[in-house]
Amino acid sequence: MPLSAEMRVFFDKVAKKNFSLACDVYHALTNGQEITPSIRAKVQEALRLSR
């Protein structure tokens, strides 16, 4: 899935702080996984790290 410029910046920021988390969030979003509480927590943590 090609990333928009904004998404690329988001994942770059997260990956610089926690590469594994960035990968987990990317795969959850691109594979259409069910949003479980653990996935939701990872997305929230990624949003926090991207600031």
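Notes on the structure in this doc start here. (Residues numbered from 1 in each chain as written. Predicted model: local features only at pLDDT ≥ 70, side-chain atom pairs only at ≥ 80, totals over all residues. Heavy atoms only, no water.)

## A look at the packing of helix α2 (residues 19-30) against helix α3 (residues 37-49)
Interhelical geometry of α2 versus α3 gives an angle of 125° and a closest axis separation of 10 Å. Taken together, the axes of α2 and α3 lie oblique to each other. With respect to the hand of their crossing, α2 and α3 are arranged in left-handed fashion. Residues Leu 21, Asp 24, Val 25 and Ala 28 of α2 form the contact with α3, whose own contacting residues are Ile 39, Lys 42, Val 43, Glu 45, Ala 46 and Leu 49. Across the contact of α2 with α3, the residue classes break down as seven nonpolar, no polar and three charged. (Axes fitted to C-alpha atoms, helices over the stretch in contact; angles between N-to-C directions. Helix = DSSP H or I, 4+ residues; strand = E, 2+ residues; numbered from the N terminus. Parallel < 35°, antiparallel > 145°, perpendicular 65-115°, else oblique. Left-handed = near helix turned anticlockwise from the far one by under 90°. Contact = heavy atoms within 4.5 Å. Nonpolar A, V, L, I, M, F, W, Y, C, P; charged D, E, K, R; others polar.)

## Observations concerning α3
Between the first and last C-alpha of α3 there are 18 Å, a value that for 13 residues agrees with the 18 Å anticipated at 1.5 Å per step. Those residues of α3 lying buried are Ile 39, Ala 46 and Leu 49. Buried residues of α3, seen end-on, are gathered within an arc of 85° and therefore sit on one face of the element. Facing away from the buried side of α3, by more than 90 degrees, are the exposed residues Pro 37 and Gln 44. Elements that come into contact with the buried residues of α3 comprise α1 (5-17) and α2. (Expected span 1.5 Å × (residues − 1). Buried < 20%, exposed > 50% of the residue type's maximum accessible area, 1.4 Å probe, protein only. Arc of directions from axis to C-beta.)

## Examining the side chain of Ser 50
Tracing the backbone shows Ser 50 in the segment after α3. One polar contact links the side chain of Ser 50 to the main-chain carbonyl oxygen of Leu 47, over a distance of 2.9 Å. (Polar contact = N/O pair within 3.5 Å; in protein donor to acceptor, adjacent residues only side chain to side chain.)

## Remarks on a nonpolar patch on the surface
Side chains of Met 7, Leu 29 and Ile 35 sit close together on the surface and give an oily, nonpolar patch of about 240 Å² of accessible area. The topology assignment puts Ile 35 in the loop between α2 and α3. When its relative accessible area of 42% is taken as the criterion, Ile 35 is described as partly exposed. (Patch = residues over 30% accessible without salt bridge, like charges linked within 9 Å, V, L, I, M, F, W, Y side chains within 5 Å. Areas by Shrake-Rupley, 256 points an atom, 1.4 Å probe, with all protein chains shown as cover. Salt bridge = Lys/Arg side-chain N within 4 Å of Asp/Glu carboxyl O.)

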